[in-house]
Amino acid sequence: MVQADVKKPLARPVIFLGPPGAGKGTQAKLVCEHYGVPHLSTGDMLRENVRQGTPLGLLARPIMERGDLVPDDLILRMVEERIARRDCLEGFVLDGFPRTLAQAQALDTMLKTQRAFPPAVIYFNVPEDVLIRRLSGRRTCKVGFEIYNIYERPPKVEGRCDVDGGELIQRPDDRPEAIRERLLAYRNLTEPLVEYYRRQGALEEVAGKATVADVSAAVFSALERLEARQ
Ligand code: AMP
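Within every chain, residues take consecutive numbers counted from 1 along the sequence as written. Reporting of local features is limited, given that this is a predicted model, to residues whose pLDDT is at least 70; pairs of side-chain atoms are given and counted only at 80 or more, and all residues count toward the totals for whole chains, interfaces and linings. To obtain the side-chain values, all non-hydrogen atoms of the structure were included, while hydrogens and water were left out.

## Some thoughts on the site of the ligand
One heavy atom within 4 Å of a molecule or strand is enough for the residue carrying it to be called near that molecule or strand. Taken together, 16 residues form the shell around the ligand, and within it Thr42, Arg47, Asp68, Gly96 and Gln103 come nearest. Polar contacts, as used here, are pairs of N or O atoms within 3.5 Å; protein pairs need one atom able to donate a hydrogen and one able to accept it. Residues neighboring in sequence count only if both atoms are side-chain atoms. Here a nitrogen atom of the ligand sits 2.8 Å away from a polar atom, N or O, in the side chain of Thr42. Val70 has a polar backbone atom sitting 3.1 Å from a nitrogen atom of the ligand. Per-residue and other accessible areas follow the Shrake-Rupley method at a 1.4 Å probe size, with only the shown protein chains counted as cover for residues. Burial of the ligand by the protein chains amounts to 96% of its free accessible area of 480 Å². Each residue is assigned to one class: nonpolar for Ala, Val, Leu, Ile, Met, Phe, Trp, Tyr, Cys and Pro, charged for Asp, Glu, Lys and Arg, and polar for all the others, Gly among them. Classifying every residue of the shell around the ligand gives six nonpolar, four polar and six charged.

## Focus: the packing of aromatic side chains
In summary, the pairing rule links any two rings of Phe, Tyr or Trp, Trp by its six-membered ring, whose centres are within 6.5 Å, and it sorts them by plane angle into stacked for under 30 degrees, edge-to-face for over 60 and tilted for everything else. Here the structure, examined in full by the defined rule, presents three aromatic pairs. Ring geometry for Tyr196 and Tyr197: centres 5.0 Å apart, planes at 80 degrees, overall edge-to-face. Each member of the pair, Tyr196 as well as Tyr197, is classed as buried. For the cation-ring pair, Arg153 lies above Tyr148, with the distance from its terminal atom to the ring centre recorded as 4.9 Å. Burial status follows relative accessibility: with a 1.4 Å probe on protein chains alone, a residue under 20% of its type maximum counts as buried, one over 50% as exposed, and anything between as partly exposed. Whether a charge lies above a ring is judged from NZ of Lys or CZ of Arg, which has to be within 6 Å of the ring centre and within 35 degrees of the ring normal.

Interpretation note: all reported values are geometric properties and have no functional meaning in isolation.
Right under this line is the structure:
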């Protein structure tokens with residue numbers, strides 16, 4: 001993994017853009033650990049709301065299980081509240097947001113209002129067959145949320161987390177019908193954002209098909225290129 005010896009601050013919001021199963025969550029954790037900034041995954045936030053049975057969780061649950069997108073206004077309220085917190089002052093990584101043009105435009109407005117830097121974008125480009133294999137093989141620890149893949153990164157003991165022995169479960173939206181819907185939603189609503197951000201000149205593309213370590217090296221050098229361009 002390529003990481004700078006001296007830790008420089010991230011200082012600006014970074015968006016991890018790419019289809020479901022591209023490895024955004026795994027890579028976001030590594031970048032956030034390195035820079036000491038928060039990892040804002042709208043999927044994780046929604047799943048937490050579902051677990052706690054909040055009004056937002058109750059509304060979002062059936063939509064998520066189908067693989068559709070949760071309405072923009074609900075997502076935007078959740079994100080706006082989160083990025084206004086103090087821990088986001090030194091930058092943050094957005095994973096799974098924005099997912100529609102309306103969300104991207106609303107984010108631009110939010111960042112301007114907060115006088116934050118405009119976002120830098122890492123786009124994870126991954127072929128569809130790889131995505132399907134990753135999503136259908138994904139298992140998550142019920143206890144510590146460690147992520148495995150039964151094909152590429154299986155646990156030592158089937159169905160159990162290597163770290164804490166927790167039960168490994170499949171997300172309801174990683175079932176075949178939901179995977180199809182999620183990829184469709186990505187292609188129709190999210191993929192146009194690649195051009196939106198490319199035109200703003202703040203996008204770097206990373207081939208996300210390789211191993212976690214190789215993709216991570218590519219992500220860190222893409223971040224350095226984006227920083228040099230700032
Ligand atoms: P993820 O963990 O990013 O794959 O998100 C899981 C599910 O949460 C998605 O399939 C959507 O139903 C919902 N979701 C997460 N982020 C967003 C977003 N930015 N906009 C709309 N729905 C979202």
